[in-house]
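Results of the structural survey
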Amino acid sequence: MRIRIERRSVRRVWIKVHPNGHVVVVASPRYADKTLERLIERHREWIDRQRTRYRSMERIRLASDELLYRGRIYRFVLRPRLGSTVVRYPRRRIIAGGRNLLAPSFQRQWYMEESRRLVVKRARRLALRYGFHFERIEIRDYTSAWGYCSSDGIITFDWRIAMLPPRVMDYLIVHELLHTKIPTHGRRFWRHLETLYPSYRAAIEWLNSYGRWL
Ligand SMILES: [Zn+2]
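Values in this document were obtained by computation on a predicted structure and should not be read as measured data. (Residues numbered from 1 in each chain as written. Predicted model: local features only at pLDDT ≥ 70, side-chain atom pairs only at ≥ 80, totals over all residues.)

1. As for the overall build of the protein chain
To keep things clear, this is the line we draw: Comment: elements are numbered from the N terminus, with helices defined as DSSP H or I runs of at least four residues and strands as E runs of at least two. Only C-alpha atoms enter the radius of gyration; for comparison, a globular chain is expected to reach 2.2 Å times N to the power 0.38, where N is the number of residues. Here the C-beta atoms are placed from the backbone, and a residue counts as buried if at least 20 other C-beta atoms lie within 10 Å of its own, exposed if 12 or fewer do, and partly exposed otherwise.
When helices and strands are tallied, the protein chain shows six helices and 10 strands. Scaling as 2.2 N^0.38, a compact globule of 214 residues should have a C-alpha radius of gyration of about 17 Å, and the protein chain matches this with 19 Å. Dimensions of the protein chain, computed from C-alpha atoms along their principal axes, come out at roughly 55 × 45 × 30 Å. Put simply, the protein chain has 214 residues, and 21% of those count as buried.

Set out below in structure tokens:
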């Protein structure tokens, strides 16, 4: 079992079980590794239960030459003469590129670029529509969450966000934009969110089932 400890300024310690079986522990730096190890040991049964549950759940399965983009499965075709360009053929569900996007490092870089492009454009539009203001958008390897909004208005998203269906991405953007006005997840937050994005529960459900494997 692989366990990764992520240090961040969170009040509580979070244990997250990723459906690929990895465990992420999010804790503030003031907790010693030993304390966290004991905590993991105490939650071992729960962790094992989660892992068993994930193994039996529905998921999006990709073949080795496939990519998930905006909630759809594309086949990747390598065309060296394209150089660093990537071309998408939505109707044929093909993504062609000069770099091999099936290689993890190129793939990640491409998703990062696409996520940045898609999210920045969409966040600007949604902020304008609903009257929000943010400082800037950052795309990072986040793993423990899809998005985060700091108190100074910097919104961070995980680099895998380009894999999600557009409506699910919209939900995440609206959620983080709302945090620029309401930082916590109280009743006021969810009520307000519902007025901006009435079907937010369906988006959360999608993330809870399919999003866990991405
Ligand atoms: Zn939130």
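Continuing now.
2. Section: the pairing of strand 2 (residues 14-17)
Under the convention used in this document: Note: two strands are recorded as paired if DSSP finds a minimum of 2 bridges between them.
With four bridges connecting them, strand 2 and strand 3 (residues 23-27) associate as antiparallel partners. Bridging from a neighbouring strand, W14 pairs with V26 of strand 3. Connecting strand 2 to the antiparallel partner strand 3 that follows it, the hairpin turn spans five residues, and G21 within it adopts a positive phi of roughly 100 degrees.

3. Focus on the pairing of strand 10 (residues 154-158)
For strand 8 (residues 136-140) and strand 10, the ladder comprises five bridges, and the chain directions are parallel. Following the sheet pairing, R136 is matched in strand 10 by I154. Relative to strand 10, strand 9 (residues 147-149) runs antiparallel, the two sharing three bridges. Residue pairing in the sheet places C149 in a bridge with I155 of strand 10. Turn length for the strand 9-strand 10 hairpin, with the two strands adjacent in sequence and antiparallel, is four residues, and the turn residue G153 shows positive phi of about 80 degrees.

4. Topic: the nonpolar core
Under the convention used in this document: The nonpolar core criterion groups buried Ala, Val, Leu, Ile, Met, Phe, Trp, Tyr and Cys residues into a set whenever they are joined through C-beta atoms within 7 Å.
Residues V119, F157, I161, M169, L172 and I173 are the most contacted members of the largest nonpolar core, which totals 31 residues. At the level of elements, strand 4 (66-69), helix 3 (104-130), strand 8, strand 10 and helix 4 (166-179) are the ones that each hand at least two residues to this core. Looking at this core, the element that brings in the most residues is helix 4, giving eight residues.

5. Remarks on helix 3
For the record, the criterion: Expected span of a helix, by definition, is 1.5 Å for each gap between consecutive residues, and there is one gap fewer than residues. What counts as a contact is two residues whose backbone-derived C-beta atoms lie within 7 Å of each other.
Taking 1.5 Å per residue as the helical rise, helix 3 with its 27 residues ought to reach 39 Å, and the 37 Å between its terminal C-alpha atoms agrees with that figure. Those residues of helix 3 that sit buried are W110, Y111, S115, L118, V119 and A123. Those residues of helix 3 that are buried are in contact with strand 6 (86-89), strand 8, strand 10 and helix 4. At the exit of helix 3 stands G131, carrying a positive phi of roughly 75 degrees.

6. As for the domain arrangement of the protein chain
Selection criterion: What fixes the domain bounds is an automatic or database domain assignment. The residue classification treats Ala, Val, Leu, Ile, Met, Phe, Trp, Tyr, Cys and Pro as nonpolar and Asp, Glu, Lys and Arg as charged. All others, Gly included, are polar.
When its domains are assigned, the protein chain resolves into domain 1 (3-55) and domain 2 (103-213). Domain 1 and domain 2 are separated by 24 Å when their C-alpha centres are compared. Each partner contributes to the interface: domain 1 provides nine residues, whereas domain 2 provides four residues. Taken together, the elements giving at least two residues each to the side of domain 1 that touches domain 2 come down to strand 2 and strand 3. Of the residues that constitute the side of domain 1 that touches domain 2, the class distribution is five nonpolar, two polar and two charged.

7. A look at the sheet that holds strand 1 (residues 3-7)
Counted only if it meets this: An axis is simply a line fitted to the C-alpha atoms; with a helix, the fit covers only the stretch in contact. Between two such axes, the angle follows the N-to-C directions and lies from 0 to 180 degrees.
Strand order in the open sheet formed by three strands is 1-3-2, and the pairing between neighbours is mixed. Looking at the sheet topology across the chains shown, the edges are occupied by strand 1 and strand 2. On average, each strand axis in the sheet is tilted by 20 degrees relative to the strand beside it, whichever way the strands run.

8. Here we look at the packing of helix 4 against helix 5 (residues 187-196)
For any two helices packed against each other, one specifies the inter-axial angle together with the distance between the axes. Heads up, the rule is: Angles are sorted into four bins: roughly parallel if under 35 degrees, roughly antiparallel if over 145, roughly perpendicular if 65 to 115, and oblique for all others. Put simply, a crossing is left-handed when the front helix is turned counterclockwise from the back one by less than a right angle, and right-handed when it is turned clockwise.
In the contact formed by helix 4 and helix 5, the axes pass within 10 Å of each other and the chain directions differ by 130 degrees. When the axes of helix 4 and helix 5 are compared, the pair comes out oblique. Crossing hand, helix 4 versus helix 5: right-handed. Only F189, H192, L193 and L196 of helix 5 make contact with helix 4, whose side of the interface consists of V174, H175 and L178. Partitioned by chemical class, the residues of the contact of helix 4 with helix 5 number five nonpolar, two polar and no charged.

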